[in-house]
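# Commentary on secondary and tertiary structure
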Amino acid sequence: MTNAGMSRRTLMAGAGAVVAGGVFVQGSAVAAPAVAVRIGPEDVRYENLVRGNNFRFVARPDEIRVPTSTEQVVRAVDEAVRSGRRIAVRSGGHCFENLTAAPEFRTLLDLSALDEVGYDSAKKAFVVRPGATLGQVYRTLCAGWGVTIPGGGCPEVGAGGHIAGGGYGPLSRRYGAVVDHLYGVEVVVVGKDGRARAVVATREKDDPHRELWWAHTGGGGGNFGVVTKYWLRSPGSGAVLPPMPRAMVQHVTIWDWGQLTEEKLGGLLRNFGAWHERHSAPGVPQAGLYGVLEVQQRNGGIAMLSVQADAGLPGVDAMIDELVGTVGAGLTPVFELRKTVPWLHKMTWPGTGEPGDVLTRRYKIKAAYLRKSFDNNQLAAIWRGLSDPAGMPGGSLLLVGYGGQANAVAAHETAIAQRDVVMKAVYQSVWSEEQDDAANLAWVREFYRDVYAETGGVPVPGEVNDGSYINYADADLADPAWNTSGVSAQCLYYKDNYPRLQRVKARWDPRSVFRHALAVEPG
C-alpha cells in the first residue's frame, strides 16, 4: 500500500470505527459529563495514580483530575488557575525527570482517559489523543488503515509527551521524526485574563495560530498549554502517513565484557559511529536500518548490538551483515540471533518496554546528540566509567542510530534544532531499591560529566556534540553544580530555536501557568 494510493474509502474503513463529529475513532462515542473526575487523597484511586513510570518520584497533589473531553480539560484548568493551584500535565507518565511530581504541583491532570485514535475526515488527517499509548496508536493505525508513525519502540509510552518532544523510533531514519508528520494540535491555553480556552493550530501557512503548532514540533510537553488532540498527516500532495512494514527483521549480537580492553571498547564505539557518519544522509538505502549499541558497565557483563529494519527492504540482510560486521570487527560474539516477526508483534509485544524487569522502577537517564563519533578524550572517559570495578551493575551507555530522513528538515522548520546529527547517546542507571538511589545517581552523573569535561560537563554544541533531546529530560542541565558551561539547559535542548519558543510562550502562556524545572521561559 502506498500513501498516494490510499483512497478516502480506505481511510474511512477503519475496523470497528464510528463517526463522532467527523472523526472516525476506535470504540464508541459516549457523551462526557461537563466535569472531569476529581480524585483526592482520601480516594482509593489516589495512591494508584500518583506515581509515574519512574518510582523515584511520587506526586502529592491536592487533586488528580481525569478528563475525558477537551471541555473537561478547559474547566479543570480554569478551576485550578482560579484557585491558585499549580498544574502538572501527564499522559503516559514516562517522564524521565521530576517534571510532573514536584511538590509545587497541586493539580495533576491525568490525560490517560483521552486515548482515542482515528481519522478526521474534515482535516484529512489522523487524530491521536494524548492519553493514547504508542502501542494503541500502532495497533489502531495497523488494524484500520495499514499506516504508522515513526515513533518509539516502548508501547506503554503516552503519545502526549512523546509527540510534543519530537518523537523518534525504529522508522525515523527512514521517515523522519514523528513531528515531521504533525499537521495540527488542539491546545488548552490560558490567556492574560486567566481564562482557559481551546485553540486549534495547524501547519498551514495562513493559519494565524501557526506558531503554536510550531512550538509543539519538538518544544516539549508542559510548556504552552495542555494538548488535547494531535492531527497527523505527512507533508506533500496526497500524503497521509507512512505505510507500516509487513514485518520487521531484528538482529542481536552480544559480546562478553571480559574481552573488552580500552582499545577494543574504543573501536566498538568508533565503528558504530563511523558507520552512521557514512550512512545517515536522507534517502540512502541504509537509512532503513535502526541500530542500538548498548555497552553495560563492567559489572553488568555484556555489550549488545541490536539492528531493526523493514524486512521488505531490498538487500536488507546484506546491509545488516555489513553493519554488524563493521561494528563488531575484532570481537567474538557469544550470542547472535536474527528473526523476522510481524510489524505489530515487534512494536507491541513481548513486554512493555519498561526499563528494568523489577517490582519497582527507579532510573536516571542523561543524553546527548552526536554529529560524529566520540573524540579520543571522550572515549577515554567512557572507558573509565564503564570499566570502574566500583561502577553500578545497572549502568550503561547506549548509542542510538539517528539521522537519515530526520536530517532532511531544516533546523528552523520545526522546534527540533538538531537536524545534522547521526546518533543519540544515552547514559543511564536502572535499579530497584530506594536505598541505592545515591550511589546510582552519583555514578551516572559523574560518568556524564567526565565524558563532557571539556565543555563544562554537558554536550555544548560543537564539532562532535549537539546538545540534548528534551524527551530525555535531565534537570541536571539546569543545575550549576553539574553544568558549568555557561550554556543554559534550554539552549542545549533547543539551540537557536529557543528565542522563538520564548516568543510563543509569551504569546500563548503569558501568566506562565505551565512551567516546570526545564520549562521554556517567556521571551
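As named in an unreviewed UniProt entry, the chain is Aclacinomycin oxidase, taken from Lentzea fradiae. In UniProt, the chain has this text filed under Sequence similarities (unreviewed entry): "Belongs to the oxygen-dependent FAD-linked oxidoreductase family." In its Cofactor (unreviewed entry) section, UniProt records this for the chain: "FAD".

Turning our eyes to something else, we now look at unusual backbone geometry. Backbone geometry places Lys495, a non-glycine residue, at a positive phi of 50°. Of note in the backbone geometry, Ser512 takes a positive phi value of approximately 50° without being a glycine. Relative to the helices and strands, Ser512 resides in the segment after α14 (498–508). In this structure Ser512 comes out as buried when scored by relative accessible area, which is 16%.

Before going further, it helps to spend a moment on helix α12 (residues 437–451). Since one α-helical turn is 3.6 residues long, residues separated by three or four positions face the same way. With 15 residues, α12 extends 22 Å between its outermost C-alpha atoms, agreeing within 8% with the 21 Å of an ideal straight helix rising 1.5 Å per residue. Taken together, the buried positions of α12 are Asp437, Asn440, Leu441, Trp443, Val444, Phe447, Tyr448 and Val451. All buried residues of α12 lie within an arc of 160° about the axis, which places them on one face of the element. Elements in contact with the buried residues of α12: β16 (362–370), α11 (376–387), β17 (395–401) and β18 (423–431).

Along the polypeptide, Gln286 turns up in the loop between α8 (262–278) and β13 (289–296). Of the residues examined, Gln286 reaches a relative accessible area of 18% and is grouped as buried. When residues no more than four places from it in sequence are discounted, the contact partners of Gln286 are Arg173, Trp275, His279 and Met319.

Conventions and cut-offs
Residues numbered from 1 in each chain as written. Predicted model: local features only at pLDDT ≥ 70, side-chain atom pairs only at ≥ 80, totals over all residues. Heavy atoms only, no water. UniProt positions renumbered as here; feature names shortened; annotations may be inferred. Helix = DSSP H or I, 4+ residues; strand = E, 2+ residues; numbered from the N terminus. Buried < 20%, exposed > 50% of the residue type's maximum accessible area, 1.4 Å probe, protein only. Expected span 1.5 Å × (residues − 1). Arc of directions from axis to C-beta. Contact = heavy atoms within 4.5 Å.

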